[in-house]
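# Overview (structure and organization)
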Amino acid sequence: MNKYVKKGLCIALAAGLIATSFAGCAKVKYVTNSAVKAIYEVKDGSWLNTGEEEEKGDDNAPQIEAFKADTYGGIEFKTQDDVVNFYKDAYDYSKSLVADYIDDQGKTQQWYKLLGEEDLKVENIKIDGSANPTINNLVPTIVGGIYSPGLNGLVPSTSRTPSSDTDEWEGKGESLQTSRLVPEDIVAANVTDNGDGTITIQLQPKAVNMSAPGKDAQGHVFQSLGAIDATVDSIKQLSWSQGTTAENCIVNYAGGVATATIDVKTKEIIKGEYIMKATVEVNHANILGVIKDKSASLDVTMKWTYPASAEYMMKTKGCKLA
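Please read all numbers here as calculations on a predicted model, not as lab measurements. (Residues numbered from 1 in each chain as written. Predicted model: local features only at pLDDT ≥ 70, side-chain atom pairs only at ≥ 80, totals over all residues. Heavy atoms only, no water.)

## Re the sheet that holds strand β3 (residues 98-102)
Strands sit in the order β4-β3-β15 across an open sheet of three strands; the sheet is antiparallel. This sheet does not close on itself; its edge strands, each paired only once, are β4 (108-112) and β15 (320-321). Two strands pair when backbone bridges link them, and β3 and β15 are joined in this way by two bridges, in the antiparallel orientation. Bridged to Ile 102 within β15 is Lys 320. (Pairing = 2+ DSSP bridges. Helix = DSSP H or I, 4+ residues; strand = E, 2+ residues; numbered from the N terminus.)

The structure is reproduced here in structure tokens:
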């Protein structure tokens with residue numbers, strides 16, 4: 001690995017570590033001894049540009065089909081607001097339902113009936129605005145090594161146990177059992193009649209910089225990252241050539257779409273795929289006094305799929321339905 005690739009890798013790690021917070025980790029640990037060694041192997045020189053800057057588009061450009069007033073599954077939807085309000089009712093009802101599970105200790109636990117799988121994807125990594133294919137291949141592997149998929153309720157959610165599902169980790173804060181979604185949160189929405197007593201609703205929330213679960217348009221639909229200051233400040237190898245953590249770290253959420261299939265009679269969400277997209281930027285970064293005043297950015301995609309399969313539950317948490 002040449003020194004330019006190592007240098008880019010080290011900078012991208014700073015952004016990559018932030019991205020792993022989407023997994024719900026309370027603290028982020030530095031990756032490996034080999035990564036630290038790679039930093040010290042960088043002696044001098046500037047970043048080798050191998051890519052071109054992309055023009056930024058409209059963060060609130062619709063990514064889904066526009067709403068069409070009609071009757072779907074026997075329900076009349078006159079406006080987009082009707083779609084949002086129907087989904088809110090479905091979320092609330094679905095998160096009132098529980099089921100018995102056997103945990104990894106063999107004990108019976110009562111958790112949400114609807115639990116989901118989650119997956120993290122990191123790509124489009126840039127150093128000082130330029131891309132390098134080698135770094136794009138390496139960093140996702142490192143991030144994947146410290147990312148552990150979770151098992152929680154319908155997003156936004158911090159727990160599989162209803163009483164612990166709040167907008168703060170460890171059971172603190174206000175409950176997420178009822179949705180805080182309002183029509184003003186949504187850029188675009190639509191409905192499809194599946195012809196079997198169910199409808200599928202799609203929602204695209206407005207773009208937000210620095211979202212928190214349950215606190216804004218993105219956090220009303222997805223399990224967003226929340227404040228990143230403490231997470232970044234826990235990386236002792238990282239400092240800033242100027243400014244503060246809050247000024248130098250940006251997480252811009254835009255373009256994500258939630259898709260939910262709902263039983264129209266009960267308003268129970270029986271299936272869903274929630275895809276949240278965010279761009280993480282780190283500016284004016286110093287690492288271990290070797291890398292100085294560099295910037296990095298990367299794209300993060302978090303996907304939640306409902307319901308979680310029996311295989312996923314057993315593999316990630318060693319649990320199963322009772």
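From this point on, the discussion continues.
## Thoughts on the environment of Gln 242
Within the fold, Gln 242 resides in the loop between β10 (238-240) and α6 (245-248). For Gln 242, a relative accessible area of 45% translates into the label partly exposed. In sequence terms Gln 242 and Asn 283 are 41 residues apart; their C-alpha atoms lie 9.1 Å from each other. If we skip the residues at most four places from it in the chain, Gln 242 touches Asn 248 and His 284. (Buried < 20%, exposed > 50% of the residue type's maximum accessible area, 1.4 Å probe, protein only. Contact = heavy atoms within 4.5 Å.)

## Re the packing of aromatic side chains
For the structure on display, the rule yields six aromatic pairs. Among the aromatic residues, those joined into a ring-pair cluster are Tyr 72, Phe 77 and Phe 86. A cation over an aromatic ring shows up here: Arg 160 above the ring of Trp 111, its NZ or CZ 5.0 Å from the ring centre. (Phe/Tyr/Trp six-rings, centres within 6.5 Å; stacked < 30°, edge-to-face > 60°. Lys NZ or Arg CZ within 6 Å of the ring centre and 35° of its normal.)

## Looking at a negative patch on the surface
Together, Asp 70, Glu 76, Asp 193 and Asp 196 make up a negatively charged patch on the protein surface. Within the secondary structure, Asp 193 is located in strand β7 (residues 186-193). Relative accessible area serves as the criterion here: at 39%, Asp 193 is assigned to the partly exposed category. (Patch = residues over 30% accessible without salt bridge, like charges linked within 9 Å, V, L, I, M, F, W, Y side chains within 5 Å. Areas by Shrake-Rupley, 256 points an atom, 1.4 Å probe, with all protein chains shown as cover. Salt bridge = Lys/Arg side-chain N within 4 Å of Asp/Glu carboxyl O. Lys, Arg positive; Asp, Glu negative; His and termini not counted. Charge placed at Lys NZ, Arg CZ, Asp CG, Glu CD.)

## Re the nonpolar core
Core analysis: the biggest nonpolar cluster contains 56 residues, and Tyr 87, Ile 199, Ile 201, Leu 203, Ile 262, Ile 269 and Tyr 274 have the highest contact counts within it. Ranked by residue count, the leading element in this core is strand β13 (residues 268-287), at eight residues. Those residues within four positions of Ile 201 in sequence are excluded, and the remaining contacts are Val 83, Phe 86, Tyr 87, Asn 190, Val 191, Ala 258, Thr 259, Ala 260 and Ile 262. The next biggest cluster of nonpolar side chains, apart from the first, holds ten residues, and it includes Tyr 101, Trp 111, Leu 115 and Met 313. (Core = buried A, V, L, I, M, F, W, Y, C linked by side-chain atoms within 4.5 Å.)

## Thoughts on the confidence of the model for the chain
Per-residue confidence for the chain gives a mean pLDDT of 84, with 79% of residues at or over 70. Residue range residues 23-53 is modelled with pLDDT below 50. Its contacts to residues more than four positions away, or to other chains, number 64 contacts. (pLDDT = per-residue confidence, 0-100.)

## Section: the pattern of salt bridges
Under the defined criterion, the tally for this structure stands at eight salt bridges. The salt bridge involving Asp 89 is made with Lys 267; its shortest N-O contact spans 3.2 Å. Of this pair, Asp 89 sits in helix α3 (residues 80-94) while Lys 267 sits in the loop between β12 (257-263) and β13; the two residues are 178 residues apart in sequence, bridging distant segments of the chain. Its relative accessible area of 36% is what places Asp 89 among the partly exposed residues. Lys 267 gets classed as partly exposed once you look at its relative accessible area, which sits at 25%. As a salt-bridge pair, Glu 123 and Lys 121 come within 3.7 Å of each other at their nearest N and O atoms. Take Glu 123: its relative accessible area is 33%, and that puts it in the partly exposed class.

## Overview of the pairing of strand β14 (residues 291-306)
In terms of strand pairing, strand β5 (residues 117-127) meets β14 through nine bridges, oriented antiparallel. Residue pairing across strands places Leu 120 opposite Met 302, the latter belonging to β14. In this structure, β13 lies alongside β14, joined through 13 bridges in antiparallel fashion. What sits directly across from Met 276, in β14, is Met 302. Adjacent in sequence and paired antiparallel, β13 and β14 are bridged by three residues, among which Leu 288 carries a positive phi angle near 55°.

## Quick notes on α3
End to end, α3 covers 21 Å across 15 residues, agreeing with the expected 21 Å (1.5 Å per residue, within 8%). Those residues of α3 not exposed but buried are Val 83, Val 84, Phe 86, Tyr 87, Ala 90, Tyr 91, Asp 92 and Ser 94. Against β2 (75-77), β7, β8 (198-205), β12 and β13 lie the buried residues of α3. (Expected span 1.5 Å × (residues − 1).)

## Regarding the side chain of Asp 165
Topologically, Asp 165 is positioned in the loop between α4 (133-146) and β7. A polar side-chain atom of Asp 165 sits 2.7 Å from a polar atom in the side chain of Lys 95. Discounting chain neighbours no more than four positions away, the residues touching Asp 165 are Lys 95, Tyr 112, Pro 156, Ser 157, Thr 158, Ser 159, Glu 174, Ser 175, Leu 176 and Gln 177. (Polar contact = N/O pair within 3.5 Å; in protein donor to acceptor, adjacent residues only side chain to side chain.)

## Looking at the environment of Asp 193
For the pair formed by Asp 193 and Gly 74, sequence separation is 119 residues and the distance between their alpha carbons is 8.9 Å. Contact partners of Asp 193, with chain neighbours within four places excluded, come to Tyr 72, Gly 73, Thr 198 and Ile 199. Reaching out from Asp 193, the side chain makes a polar contact with the backbone nitrogen of Gly 73 at a distance of 2.8 Å. One polar contact links the side chain of Asp 193 to the main-chain amide nitrogen of Gly 195, over a distance of 2.8 Å.

## Describing unusual backbone geometry
Val 155 connects to Pro 156 through a cis peptide bond whose omega is -5°. Assignment of secondary structure puts Pro 156 in the loop between α4 and β7. You will see that Met 210, though not glycine, has its phi angle at about 60°, which is positive. A relative accessible area of 30% means that Met 210 is categorised as partly exposed.

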